[in-house]
Protein chains: 2
Amino acid sequence: MITVDEALERLFALVKPLDTEEVPLIDAAGRVLARDVTAMRDQPPFAASAMDGYAVRGAEVAPGAIFAVIGEAAAGHAYDGAVDPGQTVRIFTGAPLPKGADRVIIQEDVAREGDRITLGQSPESNDNVRPAGCDFRKGQTMTAPRRLRPADIALLASMNIPFVPVRRKPQVALISTGDELVMPGETPGPDQIIASNTFGLKALLEDHGARARVLPIARDTIRSLETAFDLAQGADLIVTIGGASVGDHDLVGRVAGDLGMDRAFYTVAMRPGKPLMAGRMGDAAMIGLPGNPVSAMVCGHVFVVPMISAMLGLGATPAPRHTARLAAPLPANGPREHYMRARITPRGILAEDRQDSSLLSILAHAEALLVRPVRDPARAAGDQVEYLPL
Amino acid sequence: MITVDEALERLFALVKPLDTEEVPLIDAAGRVLARDVTAMRDQPPFAASAMDGYAVRGAEVAPGAIFAVIGEAAAGHAYDGAVDPGQTVRIFTGAPLPKGADRVIIQEDVAREGDRITLGQSPESNDNVRPAGCDFRKGQTMTAPRRLRPADIALLASMNIPFVPVRRKPQVALISTGDELVMPGETPGPDQIIASNTFGLKALLEDHGARARVLPIARDTIRSLETAFDLAQGADLIVTIGGASVGDHDLVGRVAGDLGMDRAFYTVAMRPGKPLMAGRMGDAAMIGLPGNPVSAMVCGHVFVVPMISAMLGLGATPAPRHTARLAAPLPANGPREHYMRARITPRGILAEDRQDSSLLSILAHAEALLVRPVRDPARAAGDQVEYLPL
């Protein structure tokens, strides 16, 4: 048996960051920035008014001071002249501050009569000016790698970056194997069940930046598995589910080996999801997950999502863990790292009573995988533990 | 001035849950379940082996007991006969348990010679059987509303639900207004800036289940605004950015009113993002956001995302808040609810030093909006506060 971290190291050795492509900014949300991008301009490009009001020379501001209104500046429409002593320009939010002016008196502090304004008795002290470049300067960078969030997209727009260099999305082919499986919508025979893992894994991996294809179910025959691997061509990562251990009915490893996969079997010290197969087949990395629904999804979180992140250039690191207090005590853990389905309650994190790896209904209601380290001693309510959010 | 909660109430009054559509399960991830769905079958549909091993009558298990192997059961291939006393069936994980058998001895506990097996000296006590229906029963429901996560998709597959009733995605039209704006990739004039709000809001609203279109920038003319509203036709929600207050250059409200919008202006007691316009125009709800980049994005989080959630049938509730400890003290807050850009540090949540509503670079690096209630007193490091995650 190897540890989860050792298994991850071997999986990371199978993948590397994918190449870069340029996508329009409008399509860049959620993508991973592949190289630093540089602002094309200062923002704001000029000193700008932060309010609707009157632009004046700050030194002249005094209670009751009077100014002659000589023009107007609006956003997108600068006032071309200069503000001389005793003068003011009507100004609106976002407009460039006219030459000579260095302060904006908000309109609420002003009485206007014709082309003359009189300041109130206590004009506020704020200058209401945004200096040029106060948000960012030309040449300032957004640094890669970075998964682009909505505010990043807004910032890239503001930097005038119409096309964004991002990592290509990892293409994943998902193959479930087994004579017992039929697709949703089909009528299963009396000894059959519905294929669910590929559907759940597609949703999971696409949430993390992959593009996943669900291939037809491979039957427990050499021919059927060969066809499935053939259909997987073009993928960066092939994920098989089921048939990955070394039992009599587990053909996947044999067929993959015959097709040139330099493969390895790992018995990982974890619950659920012990057996794992991994290797490279041509241009693709391959990972074989156990067939139990919960095992497959947990291995998706623990192994496949970090592989996707590594392919996206985000680094070869385990899935980030959070911490929480236990809502109830837990018995000592055995020799395998245990990923317990759990809920986050106001009293803390609470492991579900039923942890069998066949129970998708429990997984669907869980909010976290509570991680019990190998040989973790019994824990009391209130103890701090780590978890992966679901 | 009205409170944020009062503004939200008025906005919720403008929208209602959208109609339902059926989508293929493979496309249902992230969508919102619109009505309860019912399992079409028990899972597992039969008592199944949880391990590779030998199916026996449990009462006969004893150290060194001997059984005759009469057949084999694999996943998808049941053994048709019954297991009589003294008999066993070779069985693999997921296979239906043959009649008569009620326990599976794992292969590691068995010595096999020809068609005979001998149990070891201490066979484990587990029966290694998954009872029929232990995951879920036929008729069991997944209850709506529910935003479908990866494990839900797997569970729906397992329930044999090939098409899923979900809420239609709210169609949002995003209109930025102002003569000062140009699109990313264009060359701005000396008094112009790049439109960024529509790009950031599209990413934000699509993250929350909407489909958003960025319309061409509307200029500060009646004709240009009329064209923009015309292009917005078919939207469930029209979002304008900029020109929503009552200043001299704010035409949006006037044009929307002329086009039949029953509008209201709200001065909301919040920072940033004070002025808000809202109403209904034909079949669409409309909301006008302030033009400052950070104000627009904060109002997107505080007002527009909850409107989208309401349209998706998830209820009319404010954006959910988290709690954290302050990493550093904060001065007393004024008469407006303040959404401070903040980072989550190991020591707690830390408000950024610079909070001006024009600073997109600060927003892009922030991880949270720290919420200061109206007239919140000064707070010390370690005090518990609420925040919206970004």
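For clarity, every value in this text was computed on a predicted model and none was experimentally measured. Counting restarts for each chain: residues are numbered from 1 in the order of the written sequence. For naming, the first written chain is A and the first written ligand is 1, with later ones following in the order written. Given that the model is predicted, a residue must reach a pLDDT of at least 70 before its local features are reported, and side-chain atom pairs must reach 80 or more before they are shown or counted; all residues, however, enter totals for whole chains, interfaces and linings. Note that the side-chain values use all heavy atoms of the structure and ignore hydrogens as well as water.

### Description of the relation of the copies chain B and chain A
Argument step 1. Residues below a pLDDT of 70 in either copy are left out; the C-alpha atoms of the rest, at least 70 in both, set the least-squares superposition of the copies. When chain B is fitted to chain A, the residual RMSD is 0.0 Å, and the transformation amounts to a turn of 180° plus an axial shift of 0.0 Å. The superposition of one copy onto the other is thereby described by a two-fold rotation axis. Relative to the rotation axis, the closest C-alpha in chain B is found at Asp207 of chain B, a distance of 5.3 Å.
Argument step 2. Most of the interface of chain B is mirrored in chain A, where 100% of its interface residues again form contacts. Here a residue-residue contact requires only that any non-hydrogen atoms of the pair lie within 4.5 Å.

### Section: the domain arrangement of chain A
Residues and elements named next belong to chain A.
Argument step 1. When its domains are assigned, chain A resolves into domain 1 (4-17 + 168-311), domain 2 (20-41 + 138-167), domain 3 (48-130) and domain 4 (322-389).
Argument step 2. Residue-level contacts link 16 residues of domain 1 with 15 residues of domain 4.
Argument step 3. Taking both partners together, domain 1 and domain 4 bury about 1300 Å²; carbon and sulfur atoms supply 67% of that area.
Argument step 4. Of all residues in domain 1, Ala269, Arg271 and Val294 bury the most surface against domain 4, accounting for 43% of the area lost on that side.
Argument step 5. A pairing counts as a salt bridge when a side-chain nitrogen of Lys or Arg comes within 4 Å of a carboxyl oxygen of Asp or Glu. Inspection of the region where domain 1 meets domain 4 yields zero salt bridges.
Argument step 6. For the purposes of these results, a polar contact is taken to be a pair of N or O atoms within 3.5 Å, where, inside protein, one atom must be able to donate a hydrogen and its partner to accept one; residues adjacent in sequence count only when each atom of the pair is a side-chain atom. Linking domain 1 with domain 4 are six residue pairs in polar contact (both at pLDDT 80 or more).
Argument step 7. Secondary structure elements follow DSSP: runs of H or I of four or more residues count as helices, runs of E of two or more count as strands, with numbering from the N terminus. Where the side of domain 1 that touches domain 4 is concerned, the elements lending two or more residues are β21 (270-271) and α6 (293-311).
Argument step 8. Counting residues per element, the side of domain 1 that touches domain 4 draws most heavily on α6, at seven residues. In this document the domain limits rely on a domain assignment from an automatic tool or a database. Defined here as a combined quantity, buried area equals the accessible surface (1.4 Å probe) lost by two parts on assembly, summed across both.

### Side note on the sheet that holds strand β10 (residues 116-119) of chain B
All names here are of chain B.
Argument step 1. Here, strands pair whenever DSSP counts at least two bridges between them. Strand order in the open sheet made by the six strands is β8-β5-β7-β6-β10-β9, with mixed pairing throughout. Edge positions in the sheet fall to β8 (103-106) and β9 (110-113), since each of these pairs with one other strand and no more. Sheet twist, expressed as the average angle between the axes of neighbouring strands with direction ignored, equals 40°.
Argument step 2. As paired strands, strand β6 (residues 66-73) and β10 are joined by three bridges and run antiparallel to one another. Bridge pairing in β10 places Phe67 opposite Ile117. Here an axis means a line fitted to C-alpha atoms, over the contact stretch when the element is a helix, while the angle between two N-to-C directions is reported on a 0 to 180 degree scale.

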